[in-house]
Amino acid sequence: MGIGELSSAASQGPRQYAEILVSQYAQILEQAVAIAAPDRAGESPLDVFPERTTPRDQAPTPEWDAGQEAELRGLIAEFGYGREGDRTISELGVQEAHVIIQAGQPHKIMAEVGVVLEDENTNPKSFIFCGNPSRKIVNVGEQQSAQKQLGFVPENEYVVARAIAVQMPGFRRNAAGDQVLAVSYDMEDGFAVSDNESGQFTLIGFVGDGIESKPVIMFRVDQAERHDESKGGMVPVRPEPADTMNIISDAESLFGDPDTPLAFVTSATYQASTEIEAVRASLTSNRVICLPTYGTAGWRQLKANRNQLQLR
C-alpha cells in the first residue's frame, strides 16, 4: 500500500498524511474494480459493487473465478480484512507517538500492546489504555479470555485494560499512587476538554527508567443514557474512536504538546472504518494520527494461548 510514500508524508503534516492515505485507498478500489469487473474498469466502485446487506450473509454470491478471488483477497487485505500480519507504527512513518490502546476483549488488548512492544523501530512517548467501567465482563467467551490471559475474571472492561497495562515489561507503579490528572471531557458538551480533575485520566505508572520513562495513563470511557426518538428509546452515549482521538489530542495540547502524533491501535478487522475516523480526527485536531493494527495470526495465537508481553 505504498508505505514508503505514506512514511515520508508523516513528517509533512496531518493533511498531507491524510491525503496520501485516502489516495492509496482509492487506488486499491480502482484495482478491485478492474479485477472484479474488467468490462467496467474505470467506473466508480460504488456503482460496480453491490450495497451491503443486513444480515451480511444475505449478500449475493459474486461470480468470480479462482484467480479473481485470490487477487481480490490480496487487495482487500490492504484494508485489513483477513490480513495475517501486523501493521506497525514505524511502518506508518511514525517513530514517536502517544499510543492509544483501544478497549476490547483481553486477548485483543494483548494483541494491540504486542504490536507496539514488538516494533523495534518505534519509541512510544506514552501509553494510554482505554476502558469502559460500565461494560461488564459477562460474556462467556470474554470471561474465558480473561481467565486465560490474566488468571482471573475482572468485573469490567476498565479493570481488564488496567490489568494488562501493569503487565507490560518494565512497568513500575507511580510512587505516589494513582494520580488523577487535571484534564477531563464533558459528556454534556460534545466531549469538550477542560482542566478539571474528573478521574477520566489517571496516571498509574511508567514503563522504563529515567529520561526514557514512558507514562502509562488510564482513559476512562464514560457512558450515559440518552433518549433517541429515531431509535425508539434510550441509547448509550460514549466517546467513539474519533471522539477518543480528538479528546486525547486536546488533552495533550492542554499539557503543552500540540504536535506529537497519536497511534490508535486496533484490530485489522476494523481498520477500514476506523481509519476513516482517524483521518477525520487528524484533520480536526491538526495532528498526525496513525492506525497500527494487529493481524489474524497474532490474534489466533493469543486466543489459544496465554500471551507473554515482551519489550525489545
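My aim in this report is to walk through the structure given alongside it, one point at a time. Since this is a predicted model, take the numbers as computed values, not measurements. (Residues numbered from 1 in each chain as written. Predicted model: local features only at pLDDT ≥ 70, side-chain atom pairs only at ≥ 80, totals over all residues. Heavy atoms only, no water.)

It is worth spelling out the overall build of the protein at this point. For the protein, the count of helices and strands is 10 helices and 13 strands. A compact globule built from 312 residues should have a C-alpha radius of gyration of about 20 Å, and the protein, at 20 Å, falls within 12% of that. With 312 residues in all, the protein has 47% of them scored as buried. If you take every contact in the protein between residues at least 6 apart in sequence, the share linking residues at least 24 apart comes to 69%. For the protein, the exposed area adds up to about 15800 Å²; of that, 49% sits on carbon and sulfur atoms. One way to put it: in the protein the 26 positive side-chain charges average out to a point 7 Å from where the 44 negative ones average out. (Helix = DSSP H or I, 4+ residues; strand = E, 2+ residues; numbered from the N terminus. Rg over C-alpha atoms; globule rule 2.2 N^0.38 Å. Buried < 20%, exposed > 50% of the residue type's maximum accessible area, 1.4 Å probe, protein only. Contact = heavy atoms within 4.5 Å. Areas by Shrake-Rupley, 256 points an atom, 1.4 Å probe, with all protein chains shown as cover. Lys, Arg positive; Asp, Glu negative; His and termini not counted. Charge placed at Lys NZ, Arg CZ, Asp CG, Glu CD.)

Here the focus is the pattern of salt bridges. Inspection of the entire model under this criterion finds 12 salt bridges. For Glu-69, the salt bridge identified is with Arg-73, shortest N-O distance 3.0 Å. Here Glu-69 and its partner Arg-73 are both found in helix α4 (residues 66-76), 4 residues apart, which amounts to about one turn of the helix. Residue Arg-73 is classed as exposed on the basis of its relative accessible area of 57%. Put simply, Glu-188 and Arg-226 hold a salt bridge, and the shortest N to O gap is 2.9 Å. Here Glu-188 is found in the loop between β5 (184-186) and β6 (192-194), whereas its partner Arg-226 is found in strand β9 (residues 224-228), with 38 residues between them in sequence. Salt bridges linked by common partners bring Arg-135, Glu-142 and Glu-157 together as one network. (Salt bridge = Lys/Arg side-chain N within 4 Å of Asp/Glu carboxyl O.)

A few words now on the nonpolar core. Among the nonpolar cores identified, the biggest contains 35 residues, and Phe-129 and Val-216 are the most heavily contacted of them. For this core, the secondary-structure elements that each account for two or more residues are β1 (98-101), α5 (106-117), β2 (126-131), α7 (157-165), β7 (201-207), β8 (214-220) and β11 (262-267). For this core, the leading source of residues is α5, giving 7 residues. Among residues more than four places away in sequence, those in contact with Val-216 are Phe-127, Phe-129, Ala-165, Met-168, Phe-171, Thr-202, Leu-203, Ile-204, Gly-205, Phe-206 and Val-207. Counting residues in hydrophobic clusters, the runner-up holds 25 residues, among them Ile-100, Val-221, Met-245 and Ile-289. (Core = buried A, V, L, I, M, F, W, Y, C linked by side-chain atoms within 4.5 Å.)

What follows deals with the environment of Ser-253. Tracing the backbone shows Ser-253 in helix α8 (residues 241-254). Once the C-alpha coordinates of Ser-253 and Ser-285 are considered, the two residues, 32 residues apart in sequence, prove to be 9.5 Å apart. Among residues more than four places away in sequence, those in contact with Ser-253 are Pro-258 and Arg-287.

Between helix α2 (residues 14-36) and helix α9 (residues 271-285), the shortest axis-to-axis distance is 9 Å and the interhelical angle comes to 155 degrees. The angle between α2 and α9 falls in the class roughly antiparallel. Read as a crossing pair, α2 and α9 show a hand that is left-handed. Residue-level inspection shows Pro-14, Arg-15, Ala-18, Leu-21, Val-22 and Tyr-25 of α2 in contact with α9, the latter providing Gln-271, Glu-275, Val-279, Ser-282 and Leu-283. Class assignment for the residues of the contact of α2 with α9 results in 7 nonpolar, 2 polar and 2 charged. (Axes fitted to C-alpha atoms, helices over the stretch in contact; angles between N-to-C directions. Parallel < 35°, antiparallel > 145°, perpendicular 65-115°, else oblique. Left-handed = near helix turned anticlockwise from the far one by under 90°. Nonpolar A, V, L, I, M, F, W, Y, C, P; charged D, E, K, R; others polar.)

That is the geometry; function is a separate question.
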